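Remarks on the overall topology
Each chain, written out:
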Amino acid sequence: MTGIAVVLVTAPNEENAALIARTLVEEGLIVCANLVPGVRSIYRWEGNVADEREVLMVLKAPAAGYPALQARILSLHPYTVPEVLRLDVPEGSPAYVQWVLSA
C-alpha cells in the first residue's frame, strides 16, 4: 500500500465542487482535486428514481488523514447524504506517491 487514498465525491455543480476542493487544498487535507463536470447520476432517493447532472470530484490525499477529510467534506457539502468513498491506492509512481505524502 502506498498510504494514498483517492476519495470520490459528487457535488451539485461546478461552483460548489470548486469551493469544496479549494477549501480542502487550502486546509491541507488533500493535495489535489480533479473536477469532472457533466456526470449523469441515476439513483434511488426517498423512494423515487432521480436523474441528475453532477460534478465528480476525484480527491487525492494521504490515507492517514482520511477521518478529518471525511468530516470536513461532510461539513462543507450541501447534500443531506453526500457520496464520500475512499479508495486505497495499492501502487503508484514513486515520485507521485512521495509528492502526495509530503505535501
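Definitions and cut-offs
- The numbers attached to residues start from 1 for each chain and follow its sequence in the written order.
- Since the coordinates come from a predicted model, pLDDT governs what is reported: local features require at least 70, and pairs of side-chain atoms require 80 or more to be given and counted, while whole-chain, interface and lining totals use all residues.
- Heavy atoms from the whole structure form the basis of all side-chain values; hydrogens and water molecules are not counted.
- A fitted line through C-alpha atoms represents every axis, and for helices the fit uses only the stretch in contact; the resulting angles, taken between N-to-C directions, go from 0 to 180 degrees.
- In DSSP terms, a helix is any run of H or I states spanning at least four residues, a strand is any run of E spanning at least two, and both are numbered starting from the N terminus.
- Crossings are classed by handedness, with left-handed meaning an anticlockwise turn of the near helix from the far one by less than a right angle and right-handed meaning a clockwise turn.
- Two residues form a contact once any of their heavy atoms are found within 4.5 Å.
- Put simply, Ala, Val, Leu, Ile, Met, Phe, Trp, Tyr, Cys and Pro go in the nonpolar bin, Asp, Glu, Lys and Arg in the charged bin, and everything else, Gly too, in the polar bin.
- We define the nonpolar core as a collection of buried residues of types Ala, Val, Leu, Ile, Met, Phe, Trp, Tyr and Cys that are connected through side-chain atoms lying within 4.5 Å of one another.
- Only protein chains enter the area calculation, which uses a 1.4 Å probe; residues under 20% of their type maximum are buried, those over 50% are exposed, and those in between are partly exposed.
- Two joining distances apply to patches: 9 Å for like charges and 5 Å for nonpolar side chains (Val, Leu, Ile, Met, Phe, Trp, Tyr), and every residue must have over 30% relative accessible area and no salt bridge.
- In this description, accessible areas are obtained by the Shrake-Rupley approach with a 1.4 Å probe, and a residue is regarded as covered only by the protein chains that are shown.
- By salt bridge we mean one thing: a side-chain nitrogen of Lys or Arg within 4 Å of a carboxyl oxygen of Asp or Glu.
- Paired strands, in this sense, are two strands between which DSSP finds at least two bridges.

1. Some thoughts on the packing of helix α1 (residues 14-26) against helix α2 (residues 66-76)
Closest axis-to-axis distance for the α1/α2 pair is 11 Å, and the angle between their directions is 145°. Read as a crossing pair, α1 and α2 show a hand that is right-handed. Note on element contacts: α2 touches α1 through Leu69, Arg72, Ile73 and Leu76, opposite Ile20, Thr23 and Leu24. The class makeup of the residues in the contact of α1 with α2 is five nonpolar, one polar and one charged.

2. Some details on the nonpolar core
Residues Val7, Val9, Leu24, Met57, Leu59, Leu69 and Ile73 are the most contacted members of the largest nonpolar core, which totals 19 residues. Those elements giving two or more residues to this core turn out to be β1 (4-11), α1, β3 (48-62) and α2. Once residues within four sequence positions are removed from consideration, Ile73 is found in contact with Val7, Val9, Leu24, Leu59 and Val84.

3. Considering a nonpolar patch on the surface
A cluster of nonpolar side chains, contributed by Tyr43, Trp45 and Val81, occupies part of the molecular surface with about 290 Å² of accessible area. Tracing the sequence through the fold places Tyr43 in strand β2 (residues 32-45).

4. Remarks on the sheet that holds β1
What the four strands build is an open sheet, ordered β2-β3-β1-β4; its pairing is antiparallel. Either end of the sheet is taken by a strand with one partner, and the two such strands are β2 and β4 (85-89). Looking at each pair of strands side by side, their axes are set apart by 30° on average, direction ignored. Taken strand by strand, α1 contacts β1, β2 and β3, and its axis lies near 20° from that of β3. Contacts from α2 reach β1, β3 and β4 within the one sheet, and its direction differs from that of β1 by about 10°.

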